[in-house]
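Survey of secondary and tertiary structure
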Amino acid sequence: MPTLTFTDISLLRPTPSLLPFPCPLKPTEKLRIHRLPLKLRCSIAEESKISPSKLSPNLNAADAATADCVIIGGGISGLCIAQALATNHSAVAPNVIVTEARDRVGGNIITVERDGYLWEEGPNSFQPSDPMLKMVVDSGLKDDLVLGDPNAPRFVLWNGRLRPVPSSPTDLPIFDLMSIGGKIRAGLGALGLRPPPPGHEESVEEFVRRNLGDEVFERLIEPFCSGVYAGDPSKLSMKAAFGNVWKLEQTGGSIIGGTFKAIQEKNKAPKQPRDPRLPKPKGQTVGSFRKGLTMLPEAISKRLGSKVKLSWKLSGVKKLDNGEYSLTYETPEGLVSLRSRSVVMTVPSYVASSLLRPLSVDAAGALSQFYYPPVAAVSVSYPKEAIRTECLIDGELKGFGQLHPRSQGVETLGTIYSSSLFPNRAPAGRVLLLNYIGGATNLGILSKKESELVEAVDRDLRKMLINPNAKDPLVLGVRVWQQAIPQFLVGHLDLLDAAKSSLRDNGYQGLFLGGNYVAGVALGRCVESAYEVASEVSNFLSQYAYK
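A quick note: this is a predicted structure, and the numbers were derived from the prediction, not measured. (Residues numbered from 1 in each chain as written. Predicted model: local features only at pLDDT ≥ 70, side-chain atom pairs only at ≥ 80, totals over all residues. Heavy atoms only, no water.)

Right, let's talk about the overall build of the protein for a bit. What the protein contains, in helices and strands, is 16 helices and 21 strands. Residue burial in the protein is summarised as follows: out of 547 residues, 58% are buried. Look at the contacts in the protein between residues 6 or more apart in sequence, and 75% of them connect residues 24 or more apart. Carbon and sulfur atoms make up 52% of the accessible area of the protein, which amounts to about 22,600 Å² in all. (Helix = DSSP H or I, 4+ residues; strand = E, 2+ residues; numbered from the N terminus. Buried < 20%, exposed > 50% of the residue type's maximum accessible area, 1.4 Å probe, protein only. Contact = heavy atoms within 4.5 Å. Areas by Shrake-Rupley, 256 points an atom, 1.4 Å probe, with all protein chains shown as cover.)

In the contact formed by helix H1 (residues 76-88) and helix H2 (residues 130-138), the axes pass within 11 Å of each other and the chain directions differ by 75°. If you check the angle between H1 and H2, you find them roughly perpendicular. Where H1 approaches H2, its residues Cys80, Gln83, Thr87 and Asn88 are matched on the opposing element by Lys134, Met135 and Asp138. When the residues that make up the contact of H1 with H2 are grouped by side-chain class, the tally is two nonpolar, three polar and two charged. (Axes fitted to C-alpha atoms, helices over the stretch in contact; angles between N-to-C directions. Parallel < 35°, antiparallel > 145°, perpendicular 65-115°, else oblique. Nonpolar A, V, L, I, M, F, W, Y, C, P; charged D, E, K, R; others polar.)

It is worth spelling out helix H7 (residues 243-252) at this point. Restricting attention to buried positions, one finds in H7 the residues Gly243, Val245, Leu248 and Glu249. The inward-facing, buried residues of H7 abut helix H4 (204-212), helix H6 (238-241) and helix H8 (255-268).

We now examine the pattern of salt bridges. Tallied over the full model, the rule gives 28 salt bridges. Across the salt bridge formed by Arg163 and Asp176, the nearest N and O atoms sit 3.1 Å from each other. With a gap of 13 residues between them, Arg163 in strand E9 (residues 161-164) and Asp176 in the loop between E9 and helix H3 (180-191) connect regions that are remote in the sequence. Classification of Arg163 by relative accessible area gives buried; the value is 10%. Taking the relative accessible area as the measure of exposure, Asp176 reaches 34% and is therefore partly exposed. A salt bridge links Glu202 to Arg210; the shortest N-O distance between them is 2.7 Å. Exposure class is identical for Glu202 and Arg210. Each is buried. Taken together, the shared-partner salt bridges in this structure form one network comprising Lys134, Asp138, Asp275 and Arg277. (Salt bridge = Lys/Arg side-chain N within 4 Å of Asp/Glu carboxyl O.)

What follows covers the side chain of Glu121. Mapped onto the secondary structure, Glu121 falls in the loop between strand E6 (117-120) and H2. Within polar-contact distance, the side chain of Glu121 engages the side chain of Trp119 at 3.0 Å. Reaching out from Glu121, the side chain makes a polar contact with the side chain of Arg479 at a distance of 2.7 Å. Not counting chain neighbours up to four residues away, the residues in contact with Glu121 comprise Ile110, Val112, Ala377, Gly477, Val478, Arg479 and Trp481. (Polar contact = N/O pair within 3.5 Å; in protein donor to acceptor, adjacent residues only side chain to side chain.)

To continue, consider the environment of Leu314. Checked against the element boundaries, Leu314 lands in strand E12 (residues 313-319). In this structure Leu314 comes out as buried when scored by relative accessible area, which is 10%. Residues contacting Leu314, with those up to four places away along its chain left out, are Ile72, Leu327, Thr328, Tyr329, Met345 and Leu355.

Before going further, it helps to spend a moment on the confidence of the model for the protein. Here the protein averages 89 in pLDDT, and 88% of its residues register 70 or above. Low pLDDT, under 50, characterises residues 55-64; the stretch is placed with 14 contacts to residues that sit more than four places away or in other chains. (pLDDT = per-residue confidence, 0-100.)

This part covers the nonpolar core. Counting residues in each nonpolar core, the largest one holds 54 residues, and the members touching the most others are Val204, Val208, Val216, Ile221, Tyr229 and Phe242. Top element by residues in this core is helix H5 (residues 214-229). It accounts for eight residues. With near-sequence residues (within four places) excluded, Val208 lies in contact with Gly213, Val216, Phe217 and Ile221. One finds Leu79, Ile300, Phe512 and Tyr544 within the second-largest nonpolar core, a separate group that totals 45 residues. (Core = buried A, V, L, I, M, F, W, Y, C linked by side-chain atoms within 4.5 Å.)

Moving on, we get to the sheet that holds strand E19 (residues 430-438). Taken in spatial order, the seven strands make up an open sheet running E9-E8-E17-E18-E19-E16-E20, and their pairing is mixed. Each edge of the open sheet is held by one strand with a lone partner, namely E9 and strand E20 (474-481). In this sheet, adjacent strand axes meet at a mean angle of 25° when their direction is disregarded. Pairing of strand E16 (residues 375-383) with E19, which is carried by nine bridges, proceeds in the antiparallel orientation. In the strand pairing of E19, Val375 is matched with Gly438. Seen against the sheet, helix H13 (residues 450-461) touches E16, strand E17 (401-403), strand E18 (412-417), E19 and E20 and runs at an angle of roughly 60° to E16. (Pairing = 2+ DSSP bridges.)

Attention shifts here to a nonpolar patch on the surface. A grouping of Ile180, Ile184, Leu188, Leu191 and Leu193 is seen on the molecular surface, where their side chains present a nonpolar patch of about 540 Å² in accessible area. The topology assignment puts Leu193 in the loop between H3 and H4. (Patch = residues over 30% accessible without salt bridge, like charges linked within 9 Å, V, L, I, M, F, W, Y side chains within 5 Å.)

We now examine the sheet that holds strand E21 (residues 511-513). If you trace the five strands from one edge of the open sheet to the other, you get E11-E4-E3-E15-E21, paired in parallel fashion. Looking at which strands have only one partner, the edges of the open sheet turn out to be strand E11 (308-310) and E21. Each adjacent strand pair in this sheet contributes to an overall mean axis angle of 20°, direction not counted. As judged from the four bridges shared by strand E3 (residues 69-72) and strand E4 (residues 96-100), these two strands associate in the parallel manner. When the sheet's bridge partners are listed, Ile71 is paired in E4 with Val98. Along the sheet face, helix H16 (residues 523-544) touches E3, strand E15 (343-345) and E21 and points at about 170° away from the line of E21.

This next bit is on unusual backbone geometry. A negative phi angle is the norm for most residues apart from glycine, just as the trans form is the norm for most peptide bonds. Phi at Asn159 takes a positive value of approximately 55°, unusual for a residue other than glycine. Structurally, the position occupied by Asn159 is in the loop between strand E8 (154-158) and E9. Phi at Asp394 is positive, roughly 55°, even though this residue is not glycine. Examined against the element boundaries, Asp394 turns out to sit in the loop between E16 and E17.

Attention shifts here to the environment of Ile256. With respect to the secondary-structure elements, Ile256 resides in helix H8. In this structure, the C-alpha to C-alpha distance between Ile256 and Gly192, residues 64 residues apart in sequence, is 7.6 Å.

The next subject is the pairing of E3. Residues Cys69 and Ile71 of E3 are buried on one face, and the alternating residues Val70 and Ile72, pointing to the opposite face, are buried as well. Assessed by its sense of winding, the connection that carries the chain from E3 through H1 to E4 is right-handed. In this sheet, E15 lies alongside E3 in parallel orientation, the contact comprising three bridges. Bridge assignment links Val70 to a residue of E15, and that residue is Val343. (Right-handed = clockwise from strand over helix to strand, strands pointing away.)

As structure tokens, then:
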């Protein structure tokens, strides 16, 4: 699933709120808008009325209608690529179609509203970066945007207590999640007093233990990886999973050195004017919408109108002699064929592998090697009085949520305080908690019943957050994602490059790969990447127009 991550509570992202050093690097949107006098080979009278051809034994694929771009997958990545093409590259790609095998858009974004509760069963929120906010505004959702309190604390379970994570450098001397010795080791390592990089691609565990010491890894980064990727940090690639932090050491000789160098380069670069339409979030926070995350894919789909085709299952794709692509779909109306100048696949890598095997065995083989462990999202509610007194702030449960290192004897990866994070998520007097359980180190959830997953979550919560004698929780939803989050393991970038190179070398220019296994697992990163992919498509179509 695209972003079933605890990144959503700002805990587990390479930011100052987590790591003991500032990290100013943020993904930036790089758009190139072409204003060339294009001469497209085929024009469509109305933007959303490309008429697919029904296949028959006598129907040649050359008779099918032609689109500028067909995007396979109506999840957040596919929809945002379509919107980015519509808002930034409409002169080059006026005719775009999004096809989705399911009967709804949004992929694994699932918001449920019932009995006064509103909860998420996939990703929970997003980082409000400027590209993300541009997507929000362009989708007409600016007035529906809700942001969490940037001052809300985040917690990590350690030795039976929920301990706050430092939210700024001034918190570092006083927070009790790490010992004085651990803090000194982290500071010296960040300055460069640590072993040199090895001659191989490091795992997250290797990188962090070498640079920042054991305590930072065990008490911050290990739960961070469990929360973000539901992954095993001994296997996750530092370069692939947390590339911005990895680059700091590469460019500056140390994490601190790289940070200062990045700041200097940022100050030297010409400052681009910020879009005045965009909201201005305060501090490190996260965002959602008044009626949940599902508002974004639904709003984009509504704007795209009949360009979005639901219940269209792609059964085959091939490249024609004229350079265009022919796509065959199983639809409620029968077999349908489309022709397009370009194709973007935003489906999971294992689906893309199957679809691409007839085109390139090597590309399919590379994509088949990405691993998606299972994760369950368990939403439960307790009365406010069930919260332990020591966990209340001014009589209320306040905060983004909590993470649980694997060494602390609990099965749940982490818990988001949904009713504290955003307004109108639960009835008065109740708290709503979204819990994630499973991941790469706990595949056993697939053999458990829903009731057993709820029991595991409730048992864990009573160890640190809920009074042991509290009544049983109200169970709102249990959703098990059998293949949840792509793991950016050591070698991930090499496999991705191999898949792209194989497609290119075999003549499949104009066929692009997208989605969270390409962009990153956070919902916001999928949106940011959508602008990048749209620019790549635009560049290709600009060249195509003159061939």
